Amino acid sequence: MGEGKVTMKGFLRRCFLIFMVMLLAGGCARQKETESVTKESDGQEKVMRYVNYSMFSGEGLNHLKLKGSAEQTISCYLLEGLMRVYQYELQYGMADRYEISEDQKVYTFYLRDDACYSDGTPVTADDFLGAFQKLVEPEYFNSYAAIIKNAEDIYQGKKRIEELGVTVLNEKTLQIELEHPQVQFLQLLALRSFVPIRKDATEILRPEDCNGPFTLDTWSEELVSMKKNPYYWERDNIRLDRVEAVCLESVDEAYERFVKGEVDVMPIPLKGAEKYNAGIQKKVMTGICESLYLDLQTEGPLQCREFRQALNYALNRVEYTENMDSDFLVPNARYVPENGLGILKTYTENYQDLPCTKYGSQKLAEEKLGEAFKKLHISRAEDVKIKLLVNDDPWSIQEGTEIKRQWEKKLGISVELETATGDAFWAEKNNGTVTLTGIIAEYADVMAYLQSWNYDYTYGEGESQSGTVQKCLREAERQTDEQIRLSTLYKAEKALMEDVPMIPLQLRKESLLLNRNLTGFETSMNLAGGGYEFLYADFK
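Within each chain, residues carry numbers counting from 1 in the order of the written sequence. Under the rules for a predicted model, residues below a pLDDT of 70 receive no local features and side-chain atom pairs below 80 are neither given nor counted, while totals for whole chains, interfaces and linings still include all residues. With hydrogens and water stripped out, all remaining heavy atoms of the structure feed into the side-chain values.

Novice: Give me the overall build of the protein: which residues, what numbers.
Specialist: Note on conventions: DSSP H or I runs of at least 4 residues are helices, E runs of at least 2 residues are strands, and numbering of each starts at the N terminus. Of regular secondary structure, the protein possesses 14 helices and 22 strands. Here the protein holds 540 residues, and the buried ones make up 58% of them. Partly exposed residues are those whose accessible area sits between 20% and 50% of the maximum for their type, while under 20% is buried and over 50% is exposed, using a 1.4 Å probe and protein chains only.

What follows is the structure, given as structure tokens:
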């Protein structure tokens, strides 16, 4: 048995999370210029405050039912699993070492002697066992947990909970047996699904349930306050005494408070960014991949693969982003984004033979449209009408208008632009529509992107590539040779591109304004890192 080494830069997700990003368009009043922002002392505490433009859930935090990226970020600092991720690097968390059996199916984890909750109660192997057992309950079943031996059979009621492949060897030693080898298993263990749950824990997180670098102090719709965990194993390297996520309604209000030194990090519009000169501007990739989700269940032209291909080829994403006149957007025509880091960059460089580019193809769009019309027994393009659904905000409407313009001009079809928000948006999403939506991978790996794009789509068309995609993903999940694994994942991506259950559109950027005295504040493109990474942040 070999001892595990955590030196790999992350990019070594199945769970799918949808996030709509409504990034602050316009309307910002001019603010008085100031040369620098100084940090208020707040007594002797080092307090970092960052701005969130939407309210938090008033119910509190349930780490098994996270409702958005803002809560995901917070949970990364309140809770920690056996492993953790910082700046795409897989690191030890509650465990300080592990061993893997020769068949790569059995992992033995040794917990730190100083692994504790925020009240000083030791974290035990039993707490992890309880967490894994909860994941096979019907209310909380997590597809990631299916890799653990017997997990899916227990969830389906075929086996008893005692047969789950998780064994407590002693108070500080946990053994996990998998159904088959999975190279990204350690990455999965850094996700919030796999954090320990103490015996007396409640559904809503309490301060004493926290075992991460910070512990919960205040939770409300307008403010979440976290204070340094005095019992965290790496407490000596944590410089901040408190972190606060402050919910504000507008950029104007946030910037006014930033100038006063009352907040330290705030997102700003990329357009007109020169107005926000009181701090340091930092432009970052968010990791959010926006796409057009196609409802394949409702009878209509979207069920025809050639019609979906025509929609895909007709989109010139470069022209689209130019007409949007925004630095927010990066054209993207792949299911695995070209602007990924580490292994993703290598993957997209090595595997480029895909049927669509970010420039699209008018010729191929017309060819596929003609094939679709023959299958659909349609003679005129103007007889085809589809619905395009976007969120009810000015920016999303502008996006939808440009997509509608391209499809109507290049294909001659009729596109009805619809808007909705909240529950009404999700209700309309499966009503024969094309929907502008987005996802973000939970950890940095090619598999994470392909599994999140891979909806379970069936619609009765015999030549569907869905079976090919599923087969390739299953094979890749079991493959331990990295080159063969990547090659198999490429086959899955290519099959998705040919079948077009979704149309990749663009990647999102974000511009942040930072306190000039703030150091060590980083960002990440996946949720394992929490989006905002301030583990080692400090004020100079």
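Novice: Describe helix α14 (residues 482-499), naming the residues involved and giving the relevant values.
Specialist: Given the number of residues in a helix, its expected span is that number minus one, multiplied by 1.5 Å. With 18 residues, α14 extends 26 Å from end C-alpha to end C-alpha; this agrees with the ideal 26 Å at 1.5 Å per step. Polar contacts, as used here, are pairs of N or O atoms within 3.5 Å; protein pairs need one atom able to donate a hydrogen and one able to accept it. Residues neighboring in sequence count only if both atoms are side-chain atoms. With a side-chain oxygen lying 3.1 Å from the backbone nitrogen of Q483, the N-terminal cap of α14 falls on D481. Where α14 terminates, the next one or two residues include V500, which has phi positive at roughly 55°.

Novice: Tell me about the pairing of strand β11 (residues 242-247), and please be specific about residues and values.
Specialist: Taken across its six residues, β11 has six buried, putting it largely inside the fold. Judged by which residues are buried, β11 turns out to be covered on both faces: R242, E244 and V246 on one side and V243, A245 and C247 on the other are all buried. Pairing between strand β2 (residues 47-52) and β11: six bridges, direction parallel. In the strand pairing of β11, M48 is matched with V243. Strand direction decides the pairing type here: strand β10 (residues 223-228) and β11, joined by five bridges, are antiparallel. By the bridge assignment, M226 is partnered in β11 with V243. The rule for pairing is simple: two strands pair if DSSP sees at least two bridges between them.

Novice: Please provide a residue-by-residue account of the pattern of salt bridges, values included.
Specialist: Just to be clear on terms, a salt bridge is a Lys or Arg side-chain nitrogen sitting within 4 Å of an Asp or Glu carboxyl oxygen. Tallied over the full model, the rule gives 39 salt bridges. Among the salt bridges present, the one from E162 reaches R160, with a minimum N-O distance of 3.2 Å. Here E162 matches R160 in class, with each residue exposed. The salt bridge involving E399 is made with R508; its shortest N-O contact spans 3.2 Å. Placement of the pair is E399 in helix α10 (residues 394-411) and R508 in strand β18 (residues 502-514), with a sequence separation of 109 residues. Each member of the pair, E399 together with R508, is buried.

Novice: Any chance you could break down the pairing of strand β17 (residues 433-439) for me, citing the residues and the numbers?
Specialist: The element β17 is largely enclosed, with a buried count of seven among its seven residues. Judged by which residues are buried, β17 turns out to be covered on both faces: T433, T435, T437 and I439 on one side and V434, L436 and G438 on the other are all buried. By the bridge criterion, three bridges tie strand β15 (residues 385-391) to β17 in an arrangement that is parallel. The residue of β17 that forms the bridge with L388 is V434.

Any functional reading would require information that these geometric values do not contain.
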